[in-house]
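Chain and residue survey
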Amino acid sequence: MEDLFGHYITELVTDQSNALSVKIFRIWSAGCADGTETFNLKSWLKKLAERHKNTLQQNRRRILFSIYGTDIREDKLEFATAHESEKYWDSDGGSIIQLHFRRQDLLEDEPLSHVDLIFCRNVLMFFQAAYQEIIFKKLFHSLKKNGYLVLGRGEYLKPEAENLFQPINKRFRIYQKV
């Protein structure tokens, strides 16, 4: 995953086009169950932030990674919410990683907004095609311009969603908002 998204994070960290000293990067793990994927993302981002610590300091930048884990089953979220307050903070002021968990029904509830990266892995396979189309549209509207969507290995874009996303890496089911 680092090879696939490392360049994107690097651009975010080193981008000089925006005068903001704090950059915000929002990640949504839809259907996160007990939060395992969310905690793995936190570990990966912590390593990536450490690698870019000097660049952040030189550019007088801070980066806030907000990771949102959602699932329809509250009993699955109990473990995750017990650890929600465990935030990673770089004491030199370079980066902060926050975890947020909440119950969410992908069909009924409003999706998150202004998201840079969505992981929706091994979730869509549990929905009929008509419901998948609804979810794809919600995921599309959740993403920022040029945001990324990652599906599970056994999942793929339905023909109705092919005009919403372009494939970036078909093997790893990574798509970018059109």
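Given the structure is predicted, the values throughout are model-derived calculations rather than measurements.

Looking now at the overall build of the protein chain. A tally of regular secondary structure across the protein chain gives five helices and eight strands. When the helices and strands of the protein chain are placed in sequence order, the string is α-β-α-α-β-α-β-β-β-α-β-β-β. By residue count, 48% of the 178 residues in the protein chain fall in the buried class. Taking the intrachain contacts of the protein chain between residues at least 6 apart in sequence as the baseline, contacts between residues at least 24 apart amount to 75%. Carbon and sulfur atoms form 49% of the exposed surface of the protein chain, whose accessible area is close to 9600 Å².

What follows covers the nonpolar core. Grouped together as the largest cluster of nonpolar side chains are 23 residues, with contacts concentrated most on Ile 27, Leu 45, Phe 65, Ile 67, Phe 101 and Leu 117. For this core, the elements supplying multiple residues, two or more each, are strand 1 (22-30), helix 2 (36-51), strand 2 (62-71), helix 4 (74-82), strand 4 (95-103), strand 5 (115-120) and strand 6 (143-151). When residues of this core are assigned to their parent elements, the largest contribution, six residues, is made by helix 2. Apart from residues lying up to four places away in sequence, Ile 27 is in contact with Leu 41, Leu 45, Ser 66, Ile 67, Tyr 68, Val 115, Leu 117 and Phe 119. Membership of the second largest hydrophobic core comes to 22 residues, among which are Leu 139, Phe 140, Leu 143 and Leu 157.

Attention shifts here to empty space enclosed by the protein. Across all of its chains, the model carries two cavities of 30 Å³ or more by this definition. Looking at the largest cavity, its volume works out to about 40 Å³. Lining the largest cavity are Trp 28, Gln 104, Asp 105, Leu 106, Asp 109, Pro 111, Ile 135, Lys 138 and Leu 139. Taken together, the residues of the lining of the largest cavity sort by class into five nonpolar, one polar and three charged.

Overall, the predicted model of the protein chain reaches an average pLDDT of 85, with 83% of residues at or above 70. Within the protein chain, no element has a lower average pLDDT than strand 3 (residues 88-89), which sits at 62, and none a higher one than helix 5 (residues 129-142), at 96.

Before going further, it helps to spend a moment on the packing of aromatic side chains. Counting across every chain of the model gives five aromatic pairs. With centroids separated by 6.0 Å and ring planes inclined at 75 degrees, the aromatic side chains of Phe 25 and Phe 65 adopt a geometry described as edge-to-face. In this pair, Phe 25 sits in strand 1 while Phe 65 sits in strand 2, placing the two residues 40 residues apart along the sequence. Residue classification places Phe 25 among the buried residues on the basis of a relative accessible area of 2%. Look at Phe 39 and Phe 101: their rings are 5.7 Å apart centre to centre, the planes differ by 40 degrees, and that puts the pair in the tilted class. Of this pair, Phe 39 sits in helix 2 while Phe 101 sits in strand 4, placing them 62 residues apart in sequence. An aromatic cluster is present here, built from Phe 39, Phe 79 and Phe 101 joined pairwise through their rings.

Positioned with a positive phi, Ala 33 is a non-glycine residue whose angle comes to about 55 degrees. Using a relative accessible area of 26% as the deciding quantity, one classes Ala 33 as partly exposed. The phi torsion at Asn 146 lies on the positive side, around 65 degrees, for a residue other than glycine. Locating Asn 146 in the fold gives a position in strand 6. Relative accessible area serves as the criterion here: at 38%, Asn 146 is assigned to the partly exposed category.

Criteria and thresholds
- Residues numbered from 1 in each chain as written.
- Predicted model: local features only at pLDDT ≥ 70, side-chain atom pairs only at ≥ 80, totals over all residues.
- Heavy atoms only, no water.
- Helix = DSSP H or I, 4+ residues; strand = E, 2+ residues; numbered from the N terminus.
- Buried < 20%, exposed > 50% of the residue type's maximum accessible area, 1.4 Å probe, protein only.
- Contact = heavy atoms within 4.5 Å.
- Areas by Shrake-Rupley, 256 points an atom, 1.4 Å probe, with all protein chains shown as cover.
- Core = buried A, V, L, I, M, F, W, Y, C linked by side-chain atoms within 4.5 Å.
- 1 Å grid on protein atoms, 1.4 Å probe; cavity = no way out; pocket = protein on both sides within 12 Å on 5 of 7 lines; lining within 4 Å.
- Points joined across faces, edges and corners; volume = space filled by probe spheres on them.
- Nonpolar A, V, L, I, M, F, W, Y, C, P; charged D, E, K, R; others polar.
- pLDDT = per-residue confidence, 0-100.
- Phe/Tyr/Trp six-rings, centres within 6.5 Å; stacked < 30°, edge-to-face > 60°.

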